[in-house]
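Below, each chain spelled out in residue letters.
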Amino acid sequence: MELTTPMYELFRDSRSGNRIFIKRDDLLPFSLGGNKVRIAQAFFDDMRKKNCDVMIGYGNVRSNLCRVLANRCFQEHIPCYIICSHGEQEDAETQTGNSRLMELLGAVLVPCSRDRIAEKVDAVMEGLAGQGHRPYYIYGNRLGRGNEGVAAGAYAAAYREILSQSEELNVAFDSIFLPSGTGATQSGLICGHLLNGDSTKIIGISVSRDRERGTEILREGVQSYFCLHGLALPADADSQICLEDGYRKGGYGCFDDEILSCIRRVFQQYGIPLDPTYTGKGFLGMMQYLEEHQITGENILFLHTGGAPLFYDMLNAGLLRPSV
Ligand SMILES: *Cc1c(COP(=O)(O)O)cnc(C)c1O
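Residues numbered from 1 in each chain as written. Predicted model: local features only at pLDDT ≥ 70, side-chain atom pairs only at ≥ 80, totals over all residues. Heavy atoms only, no water.

Under the annotation held in an unreviewed UniProt entry, the protein chain carries the name Pyridoxal-phosphate dependent enzyme and is attributed to Candidatus Fusicatenibacter merdavium. You can read under Sequence similarities (unreviewed entry) in the UniProt record for the protein chain the words "Belongs to the ACC deaminase/D-cysteine desulfhydrase family." Heading Cofactor (unreviewed entry) of the UniProt record for the protein chain holds this comment: "pyridoxal 5'-phosphate". (UniProt positions renumbered as here; feature names shortened; annotations may be inferred.)

Turning to helix α5 (residues 152-169), a few remarks are in order. Along its 18 residues, α5 runs 26 Å from first to last C-alpha, staying within 8% of the 26 Å computed at 1.5 Å per residue. All of the buried residues along α5 are Ala152, Ala154, Tyr155, Ala156, Ala158, Tyr159, Glu161, Ile162, Gln165 and Ser166. Backbone geometry just downstream of α5 places Asn170 in the positive-phi region, at approximately 60°. (Helix = DSSP H or I, 4+ residues; strand = E, 2+ residues; numbered from the N terminus. Expected span 1.5 Å × (residues − 1). Buried < 20%, exposed > 50% of the residue type's maximum accessible area, 1.4 Å probe, protein only.)

The next point concerns the environment of Ala42. Considering the arrangement of structural elements, one finds Ala42 in helix α1 (residues 35-49). With a relative accessible area of 15%, Ala42 lands in the buried category. Separated by 111 residues in sequence, Ala42 and Gly153 have C-alpha atoms that sit 6.9 Å apart.

Moving on, we get to the site of the ligand. Around the ligand, 15 residues are found, and the nearest of them are Lys36, Asn64, Gly181, Thr182 and Thr305. Taking Gly181, its main chain carries an N or O atom lying 2.7 Å from an oxygen atom of the ligand. In the environment of the ligand, an oxygen atom lies 2.7 Å from a nitrogen or oxygen atom belonging to the side chain of Thr185. Against a free-state accessible area of 380 Å², the protein chains account for coverage of 98% of the ligand. Going through the elements one at a time, α1, β7 (175-180) and α6 (184-196) are the ones with two or more residues in the shell around the ligand. The greatest single-element share of the shell around the ligand, amounting to 3 residues, is contributed by α1. Residue composition of the shell around the ligand, grouped by class: 4 nonpolar, 10 polar and 1 charged. (Near = heavy atom within 4 Å. Polar contact = N/O pair within 3.5 Å; in protein donor to acceptor, adjacent residues only side chain to side chain. Areas by Shrake-Rupley, 256 points an atom, 1.4 Å probe, with all protein chains shown as cover. Nonpolar A, V, L, I, M, F, W, Y, C, P; charged D, E, K, R; others polar.)

A separate point is the pattern of salt bridges. This structure, assessed with the given rule, holds 17 salt bridges. The partner of Lys50 in a salt bridge is Asp46, and the shortest N-O contact between them spans 2.9 Å. Judged by its relative accessible area of 37%, Lys50 falls in the partly exposed class. Two residues, Arg145 and Glu220, come together in a salt bridge whose shortest N-O distance is 3.7 Å. On the criterion of sequence distance, the pair formed by Arg145 in the loop between β6 (135-137) and α5 and Glu220 in helix α7 (residues 211-228) is long-range, its members being 75 residues apart. (Salt bridge = Lys/Arg side-chain N within 4 Å of Asp/Glu carboxyl O.)

Attention shifts here to the sheet that holds strand β4 (residues 80-86). The pairing of strands in a sheet comes from backbone hydrogen bonds and takes either a parallel or an antiparallel form. If you walk across this open sheet you meet the 4 strands as β5-β4-β3-β6, and the pairing is parallel. The outermost strands of the open sheet, each flanked by one partner alone, are β5 (108-113) and β6. Taken over all neighbouring pairs, the strand axes of this sheet differ in orientation by 25° on average, direction set aside. Contacts between helix α2 (residues 64-75) and the sheet are confined to β3 (54-60) and β4, with β3 contributing the most and set at about 160° to the helix. Relative to β5, helix α4 (residues 117-130) is tilted by about 150°, and along the sheet it contacts β3, β4, β5 and β6. (Pairing = 2+ DSSP bridges. Axes fitted to C-alpha atoms, helices over the stretch in contact; angles between N-to-C directions. Contact = heavy atoms within 4.5 Å.)

Attention now moves to the UniProt feature "active site" (unreviewed entry) in the protein chain. Mapped onto this structure's residue numbering, the UniProt feature "active site" (unreviewed entry) falls at Ser63. Within the secondary structure layout, Ser63 lies in the loop between β3 and α2. Discounting chain neighbours no more than four positions away, the residues touching Ser63 are Asn98 and Met102. From its side chain, Ser63 meets the backbone nitrogen of Cys66 in a polar contact 3.0 Å long.

Let's shift gears to the nonpolar core. Residues Ile39, Phe43, Met55, Ile83, Tyr136, Ile138 and Leu189 are the most contacted members of the largest nonpolar core, which totals 68 residues. With residues near it in sequence (within four places) discarded, Leu189 still touches Tyr155, Ala156, Tyr159, Ile162, Leu178, Ile202 and Leu303. Among the nonpolar cores identified, the runner-up in size contains 27 residues, and Ile203, Leu284, Met286 and Tyr289 belong to it. (Core = buried A, V, L, I, M, F, W, Y, C linked by side-chain atoms within 4.5 Å.)

Overall, mixed pairing links the 6 strands, which are arranged β1-β2-β10-β7-β8-β9 in an open sheet. Every other strand in the sheet has two partners, leaving β1 (7-12) and β9 (242-244) as the edge strands with one partner each. Pairs of neighbouring strands in the sheet enclose a mean axial angle of 30°, with direction left out of account. Two strands pair when backbone bridges link them, and strand β2 (residues 19-24) and strand β10 (residues 299-304) are joined in this way by 6 bridges, in the parallel orientation. Within β10, the position partnered with Arg24 by the bridge is His304.

With that settled, consider the side chain of Asn18. In this structure, Asn18 sits in the loop between β1 and β2. For Asn18, the side chain forms a polar contact with the main-chain oxygen of Ile295, separated by 2.8 Å. Within the local environment of Asn18, its side chain forms a polar contact with the backbone nitrogen of Glu298, the two atoms lying 2.9 Å apart. Not counting residues up to four positions away in its chain, the partners in contact with Asn18 are Phe11, Arg12, Asp13, Leu290, Ile295, Thr296, Gly297 and Glu298.

Next comes the structure, spelled out in structure tokens:
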């Protein structure tokens, strides 16, 4: 699969003089695109490398990762189980664009409350092993240990693509912004940046975790990648981890009118779909960060991480109305 996605200048802000570029990973040509196309591929390759024959993913009914995993597995005739968590307000019956697509792709959705994940992972793994399978759980074992550094590989590689595109465009990026959730994408970009030794700042707009916890997870992600590949971790690695938690709007999946009007504006003006959970939050967070930090005259890259089904969930819920 050809993985190079479009990168171009979105606009130049005449007041600040900042030039805002965008990289359209939402247009990756598989399963409605998004960062999870690259990340699912990294897990899929790792599954093959470890000679496993069943995929087990984990996520909620809105998970873009689980959709793409299910699609790759369908394509390759690999059985796919998705341990599907749900919040207190939702039940196992909640349906979304992504959950419907997972079903369409033949994934077995195993409902699970958020405090029972380890037991559920064990039960599914043991059940499959008992049938003679070699199951692969994307996060390793029941405690999420064993596959550290795998997911970061996806965006460590994508960073090289960003570098060659920035050369083609003849711009050096002062910073790269992205919405950050599990941290797989951001830790990968940080690894790519450390390996290249450039001065670009990678700034994650947290969509869920607070800065302290999120930074710790990013640090682990970066360290694991270097460890997995037998590379020496640069001494300044920690100082390159930058996660902003001031734009979360209350936490994962929470959003407000400000996010919705940002999404409306970006779609009307540029024809680009954003969603309220990740990319809308990330884009608005970036714009507010630039304002609050009085950044001027810089070249800024926004990484569009996808999430098309979430755009339609929002649209179909009637949340995106014309402004009055
Ligand atoms: C998963 C996801 C993110 C966050 O990426 P992480 O690697 O989990 O930090 C951002 N945007 C979209 C659309 C996603 O699906």
